[in-house]
Structures are given as structure tokens and as C-alpha cells.
Amino acid sequence: MSTVDADVEVTDAREARVGDMTVRRLLPLRLRRSVGAWCFVDHYGPMSVDGVAGMLVPPHPHIGLQTVTWLLAGNVLHRDSLGSEQMIRPGQLNLMTAGRGIAHAEESPAEHDPSLHGVQLWVALPDADRQVAPAFEHHAELPGATLGGFAITVFMGDLAGARSPATAFSAIVGAELAASGHARASLPLDAGFEHIVFVAAGAAQVGDTELRPGQLLYLGPGRDRAQVAAPSGSRLFLLGGVPLGEPLLMWWNFVARTPEEIAAAVTGWREDRFGAVGGYRGEPLPAPPFDAALLQRPRL
Ligand code: MN
């Protein structure tokens, strides 16, 4: 980790396992649990899934968050306990609002594309909205903008004049930037937001900071521009939002505020109270061993 100045920092991803896949986990960080309401960032691939099962994430529960599924290559099938069944492809958004509780499975379909590359993101629900009814939405078409050679697709919030239709519960932005030719842009930011930038393919320069895949750049609030450059073919993500200002307790697939809420969700999953995910061949994921006494209450 190298610190460029007080409110610009670069951290390295850690490796994590999701099913059979190795992923780059960029968020949460030990000292930074969320950026805006973004509280979880996994980047996986690009990888060949030709002739193999590919992604296989069995049914598992969520509370207190939205999952944002975004692909750069390949296709993934989503199923959930509301009865949703939705294939997703690059440039589309699967947004699942867990609210008070939902279960879902994500897998490469039997007939799938030979490569897979994507990100799995979580957005924490603000305290006032944590108990909303679970919901799922798919957006096949999303608004875009072109700026300095970047093709920008906005999947949450708004950026550069494009606004996503996706349901958000806090002031937030999420966008993919694809460089065609050598791209260089002065990206307009909301000065009330904090932001992160990461590279999924290629490389990028943000201000004076060079970024490669597996690194996360944090930009503190108070800036209304970011100077971003990237060589042809690079794919970048910009995520941001108003600092949440709420302590988050994250354990397994749950985002809560107290150990008691986590314990109740674990019990609910063990007692089958999240509802069944239809159509998935295989067993649901068991909750790992849970000891509320080991979970410290979160602090801001
Ligand atoms: Mn999930």
C-alpha cells in the first residue's frame, strides 16, 4: 500500500475463494468498510470456462444490502426466492434488493460462453430502508455517455449526464468506463461523494496515480473532477457515494448493525425461512459456524 496524499490511497486486493473461483476482493478493507454505500467489491476473471462448469454459487441468503451483478464477458443465470430467473450478459445490470431477506443462486448456465469476467458488488441499505421488501430488477439497456474516448455506462446513480433507472436508496454512482483508443477525460464528480476507481482490464492513470488490475484507488470527498487516462481496451470502474455515516456489521452474506441481527439471520437460514430458490440442482450453502460473542459491535 502506498499513500499518495491524505485523501488518496491505493490498496491491493486480497485473494478470496467463491466456489471454485479465485477472486480479487477489493472491498471491504480493514480500515475502510464502505465507500459511499458500496461495501463489497469482488473482481473475477477474465477466465476460460470452456468445457467446465464455470460459476456455481449455490442458494444462499442476504439481508440489508443490494447485490449488483455486472459482467464484462460471459453469461450468468440468476435465480432467487421470489421466483426470478434471469440471464445476464455484459452491459446489463442484475440488481437484487435483499431488504429484510432473500436467497439467490448464480451459476454459469449449462450452455455458456467460453469466457467469464465480471464484478460482484454490494450496496449497503441505509438504516431507514433495511427492512424493505426484497426485490429483483434486470436492466437490459442502460444509459451511456462518451467523454474523451471513454464509453461510459452508468448502472447506478448518474454520471456525465446519464442516469441509471436502477433503484437506489442512497446518493450513489456506479459506472463502467471502456477506453476506445487512448482515452483521456476530465470526469465530473459529485463533490459530496467519496469514490473508488479500479481497473478490470488494461491500466489507468487517475491524477498522478497509476493503476493496474488488483488495485483500488480511494478518492476522498471534496473534489469535483478526476483526470482519468487509459490505453485502448482498458476497462475501469468508478463507484462512489455520500459517506454512509452508519456503522456496518458484515458477516458472511449479511449486512446488519448488531450481532443479534446476524444471529437471527443465521437461524432463519438454518430454519429455511428465506424461501426456496427454484430450479437450482444442488444443495444450498450452509451458514458457517457463528459465535455472536466473537463479533464486535461496529464502530464508525
Ligand atoms: Mn449473493
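Structure: see above.
Attention in this report is confined to the structure presented alongside it. Everything numeric here is computed off the predicted structure, so don't read it as measured data.

### Describing the overall build of the chain
Consideration 1: Scanning the chain for helices and strands turns up one helix and 26 strands.
Consideration 2: Scaling as 2.2 N^0.38, a compact globule of 300 residues should have a C-alpha radius of gyration of about 19 Å, and the chain matches this with 18 Å.
Consideration 3: Expressed along its principal axes, the backbone C-alpha trace of the chain runs to roughly 55 × 45 × 35 Å.
Consideration 4: For the chain, buried positions account for 54% of its 300 residues.
Consideration 5: Taking contacts inside the chain between residues at least 6 apart in sequence as the whole, the part at least 24 apart equals 72%.
Consideration 6: Of the roughly 12,800 Å² that the chain leaves accessible, carbon and sulfur atoms contribute 50%.
Consideration 7: On the chain, the mean spot of the 23 positive side-chain charges and the mean spot of the 32 negative ones are 4 Å from each other.

### Details of the coordination of the manganese ion
Consideration 1: For the manganese ion, the protein coordination sphere consists of His60 (NE2), His62 (NE2) and His104 (NE2), at 2.1 Å.
Consideration 2: The sequence pattern describing where the donors of the manganese ion fall on their chain is H-x1-H-x41-H. Of this pair, His60 sits in strand β6 (residues 56-62) while His104 sits in strand β11 (residues 102-107), and the two are 44 residues apart along the sequence.

### A closer look at the nonpolar core
Consideration 1: By size, the foremost hydrophobic cluster in this structure holds 40 residues, and its most contacted members are Trp38 and Phe155.
Consideration 2: The dominant element in this core, judged by the number of residues it contributes, is strand β12 (residues 115-124), at five residues.
Consideration 3: Phe150, Leu159, Leu217 and Leu236 belong to the second largest nonpolar core, which has 28 residues in total.

### A word on unusual backbone geometry
Consideration 1: The residue after Leu27, namely Pro28, is reached through a cis peptide bond having omega 5°.
Consideration 2: As for its position among the elements, Pro28 is in the loop between β4 (21-27) and β5 (38-48).
Consideration 3: Look at the link from Gly45 to Pro46: it is a cis peptide, with omega at 5°.
Consideration 4: Position of Pro46 relative to the elements: it lies in strand β5.
Consideration 5: One non-glycine residue with positive phi stands out, namely Trp252, at about 55°.
Consideration 6: Along the polypeptide, Trp252 turns up in the loop between β25 (249-251) and β26 (254-256).
Consideration 7: For Asp272, which is not glycine, the phi dihedral falls at a positive 65°.
Consideration 8: Examined against the element boundaries, Asp272 turns out to sit in the segment after α1 (259-270).

### Here's the deal with the environment of Ala145
Consideration 1: Its place among the elements puts Ala145 in strand β14 (residues 144-147).
Consideration 2: You can call Ala145 buried: its relative accessible area is 15%.
Consideration 3: Sequence-wise, Ala145 and Glu176 are 31 residues apart; in three dimensions their C-alpha atoms are separated by 11 Å.
Consideration 4: With near-sequence residues (within four places) excluded, Ala145 lies in contact with Phe150, Ala151, Ile152 and Ala160.

### A word on the sheet that holds strand β9 (residues 85-88)
Consideration 1: Here four strands make up an open sheet; going across it, the order is β6-β11-β8-β9 and the pairing antiparallel. Two strands close off the open sheet at either side, each with one partner strand: β6 and β9. With strand direction ignored, the average angle separating the axes of adjacent strands in the sheet is 20°.
Consideration 2: In this sheet, β9 lies alongside strand β8 (residues 76-80) in antiparallel orientation, the contact comprising four bridges. In the strand pairing of β9, His78 is matched with Gln86.

### Considering α1
Consideration 1: With twelve residues, α1 should cover 16 Å at 1.5 Å per step; its first-to-last C-alpha distance of 17 Å lies within 8% of that length.
Consideration 2: Those residues of α1 that fall on the buried side of the exposure criterion are Pro259, Ile262, Ala265, Val266, Gly268 and Trp269.
Consideration 3: Of the surrounding secondary structure, the elements contacted by the buried residues of α1 are β6, β11, β25 and β26.

Procedures and definitions
- Residues numbered from 1 in each chain as written.
- Predicted model: local features only at pLDDT ≥ 70, side-chain atom pairs only at ≥ 80, totals over all residues.
- Heavy atoms only, no water.
- Helix = DSSP H or I, 4+ residues; strand = E, 2+ residues; numbered from the N terminus.
- Rg over C-alpha atoms; globule rule 2.2 N^0.38 Å.
- Buried < 20%, exposed > 50% of the residue type's maximum accessible area, 1.4 Å probe, protein only.
- Contact = heavy atoms within 4.5 Å.
- Areas by Shrake-Rupley, 256 points an atom, 1.4 Å probe, with all protein chains shown as cover.
- Lys, Arg positive; Asp, Glu negative; His and termini not counted.
- Charge placed at Lys NZ, Arg CZ, Asp CG, Glu CD.
- Donors = N, O, S within 2.8 Å, 3.2 Å for Na, K, Ca; no water.
- Core = buried A, V, L, I, M, F, W, Y, C linked by side-chain atoms within 4.5 Å.
- Pairing = 2+ DSSP bridges.
- Axes fitted to C-alpha atoms, helices over the stretch in contact; angles between N-to-C directions.
- Expected span 1.5 Å × (residues − 1).

It is worth stressing that arrangement in space is one thing and function is another; only the former is reported here.
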